[in-house]
Amino acid sequence: MVEHTIEATKAVVTLDAAIPGIIWGWMITLNMWAKSIGTGVILIGAFLLYRHNKETMPNLRWLMPLISFVALNVFLLFTLVDLHQPLRMINIFLHPHWSSAITVGAWMASLFTGLITLLALIGGMNEHQDFQRHCKVANWARSNNELYEKIFPYVVFLAIPVTLYTAVIMAQSSARELWQAPTEMMQMLLAAFLAGSATLIFIADDWKVEARKDLALVLAVSTALGFMMYMGEYFFSYKSAEAEETLKYIHSGGAYSGEFWMAMIFGFLAPFFLAVSSIKEDNKTTLRFAAIIALVGLYLAKDVWLKIPQLLPLS
Amino acid sequence: MKLGFLVDLNLCMGCKGCEIACKVENEVPLSSWRLRVKYIDVGTFPQTTRNFTPLRCNHCENAPCVRICPVSALHYLENGIVNIDSNRCIGCAGCMMACPYGAIYMDPETNTADKCTYCAHRIESGMMPACVVACPVEANIFGDVDDATSHISRYIMEHQNNGGVQVRKPEKHTDPKHYYVGGGNQTLNPLAHERIEGYNLFNNVTHLDHVGDPNHSILDRFIGGGHGHYSNKSLADEKIGAKTKEHETQGGH
């Protein structure tokens, strides 16, 4: 009987309303994951363009903004779809509340997506001169090829706050103690580096070896640092009673513990070793495999971190 | 003017009159609560006590929900009430992530966030909140905490010695305007008591499967999923369901 199993010092809820379960679910995980790719390819692409001659990475100029464009649209779609009143999204632009990181993020992400669309258009149309030859927009893009290089530095600059603002939303979500950590900022940035490098690996087949090795290096560093930061949270997050209670969902086994360790081992540790081996020997298949599991691992890690704080009763 | 609320837990007898009055006054849908009374049993049988804790929005002076709301749907009124404009709310649930007291819910009928407003519409007409009127033992005390002569201010002053007046989660620095007298860690701290599946008096769930309309998304609307049913079943429902099934197998209608 229950009266024999409950410690004297503990209290037990005997009547209450049902408490909400997970409110921000897989759509928000997918949203964050896609944003990491969307901003990450730009940040890593800029790094590669700084390090190497662009002629050695011939498809980067048009594929980088195109991939970012697709990922950002997935991000925006799921942001919209997750709203309970999606048609009122317009209120963020008509009645913005600037103290909210959601508002600031929505404005920045919209501007960023607009600029990326422009880059994708200019890059794509100049790469494919025969495509839509009589289309006015396509011809305008072809005749303004130099605009790409003028816009690109601003896009790279904007990619950083667009990557980071989700951490500020999490900081403003003050009911979820686990997210109240400055390390969230670094996690977001590392996620962008990881996702960006992993995604660009799929288009790097024809690039020179040094550029591909740089991608492997970024992937290795971001997975290693990401793993260490998660381990830091795992071992040192006894900063508050709520964070400690939240981490019990990982510490004490169960589905979220399995998902977490799957992410850590197959999503961070394994890609790290595979990427390091690819730096030594330029093995495209190994590197691609590392990229795939790193992307899956990133999704799983974000999923666990998003959901477990929502399982705690708040009142 | 700064309106505040105080609940004297020594007086509360858990009748849930306030809960029902709130539901009726504000037409709060099924599975949702602006105000709920939680029963917490403390001690080991036979030395046990049952405690009742009414829980509602704390109308914080430094409200995280107001800060995170992207469209100012959550806003302060001049009298200190944290109000919500459901016509502006986009249903992002950011406020539900921010409120440390779990006081905000997603209304399954309007698909917008909602919460206790201290019955702002009644106060505007010079009336007391519905829960205050309904309480048979005057455990709910409501008034202007800025006015030193108000009932609530005098009550706070009378009980403030020896830690007699508490707020929930003061470490969150939200400066709540909802006070408790006679509370303790075991009644006010949600981590200090256990929620054991299956041992509740009337309901056997501790989590809702869905918050708001389960088919709320654009995709669902285009696919035409319609409204799903809630799994917030009670033990009573199960018995009724079993009886209905039995009735049907016996050829009943």
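Above: the structure in question.
Computed from a prediction, not measured in an experiment: that's the story for all the values here.

A. Spotlight on the overall build of chain A. Helices and strands together make up the secondary structure of chain A, namely 12 helices and two strands. Ordered by position from the N terminus, the helices and strands of chain A form the series α-β-β-α-α-α-α-α-α-α-α-α-α-α. Counting every position in chain A, which comprises 315 residues, the buried fraction comes to 57%. Across chain A, the fraction of contacts at a sequence separation of at least 24, relative to all contacts at a separation of at least 6, is 75%. Taken as a whole, chain A presents about 13300 Å² of accessible surface, with 69% of it coming from carbon and sulfur.

B. Seen up close, the overall build of chain B. If you tally the helices and strands in chain B, you get nine helices and 12 strands. The burial tally for chain B puts 54% of its 253 residues in the buried class. Carbon together with sulfur atoms contributes 53% to the accessible area of chain B, which is approximately 12000 Å² in total.

C. Representation of the side chain of A:Ser68. All names here are of chain A. As for its placement among the helices and strands, Ser68 is situated in helix H3 (residues 60-82). Relative accessible area serves as the criterion here: at 0%, Ser68 is assigned to the buried category. Among all residues touching Ser68, those that are not within four sequence positions of it are Gly38, Val41, Ile42, Phe112 and Ile116.

D. View of the pattern of salt bridges. Taken as a whole and assessed by the stated rule, the structure comprises 20 salt bridges over all chains. Put simply, A:Asp16 and B:Arg195 hold a salt bridge, and the shortest N to O gap is 2.3 Å. With A:Asp16 in the loop between strand S1 (11-15) and strand S2 (19-20) and B:Arg195 in the loop between strand S11 (193-194) and strand S12 (207-208), this pair bridges two chains. Judged by relative accessible area, B:Arg195 falls into the buried class, the value being 19%. Ionic pairing is found between B:Lys169 and A:Glu242, a salt bridge with its closest N-O pair at 3.9 Å.

E. Geometry of the interface of chain A and chain B. Listed per partner, the contact involves 56 residues of chain A and 72 residues of chain B. Contact with chain B buries surface across chain A, with A:Leu15, A:His84 and A:Ser315 losing the most and accounting together for 15% of the total. Counting across the chain A and chain B interface gives five salt bridges. Residues A:Glu242 and B:Lys172 are paired through a salt bridge, measuring 3.5 Å at the closest nitrogen-oxygen approach. Taken together, chain A and chain B are joined by 36 residue pairs in polar contact (both at pLDDT 80 or more).

F. Main features of the sheet that holds S1(A). What the four strands build is an open sheet, ordered S3(B)-S2(B)-S1(A)-S11(B); its pairing is mixed. Looking at which strands have only one partner, the edges of the open sheet turn out to be strand S3 (47-55) and S11 of chain B. Looking at chain direction, S1(A) and strand S2 (residues 36-44) of chain B are connected through four bridges and run antiparallel. Of the residues in S2(B), the one forming a bridge with A:Leu15 is B:Tyr39.

G. Molecular detail of the environment of B:Thr110. All names here are of chain B. Inspection of the secondary structure assignment puts Thr110 in the loop between strand S6 (105-106) and strand S7 (113-114). Assessed through its relative accessible area of 36%, Thr110 is described here as partly exposed. Taking the C-alpha atoms as reference, Thr110 lies 9.9 Å from Cys89; in sequence the two are 21 residues apart. Of the polar contacts made by the side chain of Thr110, one reaches the side chain of Thr112; its length is 2.7 Å.

H. Layout of the packing of aromatic side chains. All names here are of chain B. On inspection of all chains with the given rule, the structure shows 19 aromatic pairs over all chains. Pairing Tyr118 with Phe142 gives two aromatic rings, centres 5.4 Å apart and planes at 80°, and the pair type is edge-to-face. With Tyr118 in the loop between S7 and helix H4 (120-124) and Phe142 in strand S8 (residues 140-144), the pair connects residues that are 24 residues apart, well separated along the chain. Tyr118 gets classed as buried once you look at its relative accessible area, which sits at 1%.

I. Spotlight on the sheet that holds strand S10 (residues 178-181) of chain B. Residue and element names in this part refer to chain B. The strand order across the open sheet built from four strands is S8-S1-S10-S9, with neighbouring strands paired in mixed fashion. Whereas interior strands pair on both sides, the edge strands pair on one side only; in this sheet they are S8 and strand S9 (165-166). Bridging between S9 and S10 involves two bridges; their strand directions are antiparallel. Within the sheet, the bridge partner assigned to Gln166 lies in S10 and is Tyr180.

Thresholds, definitions, all that
Residues numbered from 1 in each chain as written. Chains lettered and ligands numbered in written order. Predicted model: local features only at pLDDT ≥ 70, side-chain atom pairs only at ≥ 80, totals over all residues. Heavy atoms only, no water. Helix = DSSP H or I, 4+ residues; strand = E, 2+ residues; numbered from the N terminus. Buried < 20%, exposed > 50% of the residue type's maximum accessible area, 1.4 Å probe, protein only. Contact = heavy atoms within 4.5 Å. Areas by Shrake-Rupley, 256 points an atom, 1.4 Å probe, with all protein chains shown as cover. Salt bridge = Lys/Arg side-chain N within 4 Å of Asp/Glu carboxyl O. Buried area = accessible area lost by both parts, 1.4 Å probe. Polar contact = N/O pair within 3.5 Å; in protein donor to acceptor, adjacent residues only side chain to side chain. Pairing = 2+ DSSP bridges. Phe/Tyr/Trp six-rings, centres within 6.5 Å; stacked < 30°, edge-to-face > 60°.

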